[in-house]
Amino acid sequence: MFWKKKNPEADVIIHESEDQRQSYRYNFKQGQGFQITFKEKKVWVLNISAGGIAFNNNGFKLFDFDFITFTLDIPNFKGNSTFYSGLRVLRIDNKKICHCIFEHCSLEQHELIHKYVLEMQKNDLAH
């Protein structure tokens, strides 16, 4: 009918990327990540998202798995920031970086990582 308003056309947003993760990630600046122990070896985390982390290969193989625990230093957060999950190597790229996914991870643990990534991005923008 002529008196009905037309719905505005929605804008189409296309995001093309070679990034295979489905979550936003935080890339640490050189030397500013944190260490975790994976398969009894200490590695520095290069980036983190609610989906997983990446670190330099230290003799690991594709699909290696271990349970990990670490505590996140989250700005503006007063709760328990200890993170625990399974971690599996999904891909090792040509730069010898292990791209890993969190497994056996609760919703609360995913939300903790989301909070960490958001606060770290906000902190970077403020400084």
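The structure under discussion appears in the preceding block.
Analysis parameters
- Residues numbered from 1 in each chain as written.
- Predicted model: local features only at pLDDT ≥ 70, side-chain atom pairs only at ≥ 80, totals over all residues.
- Heavy atoms only, no water.
- Helix = DSSP H or I, 4+ residues; strand = E, 2+ residues; numbered from the N terminus.
- Contact = heavy atoms within 4.5 Å.
- Areas by Shrake-Rupley, 256 points an atom, 1.4 Å probe, with all protein chains shown as cover.

Peer 1: Please set out the overall build of the chain residue by residue, giving values where relevant.
Peer 2: Regarding its fold elements, the chain presents 1 helix and 7 strands. Along the chain, helices (α) and strands (β) appear in the sequence β-β-β-β-β-β-β-α when read from the amino end. Long-range pairs, those at least 24 residues apart, make up 54% of the contacts in the chain between residues at least 6 apart in sequence. Only carbon and sulfur atoms are counted for the fraction: they give 51% of the accessible area of the chain, which is about 9,500 Å².

Peer 1: Tell me about unusual backbone geometry, and name the residues and values.
Peer 2: Unlike most non-glycine residues, K39 shows phi in positive territory, near 55°. Relative to the assigned elements, K39 resides in the loop between β2 (35–38) and β3 (41–49). One non-glycine residue, K96, lies in positive phi territory at about 60°. Mapped onto the fold, K96 is located in the loop between β6 (82–92) and β7 (97–103).

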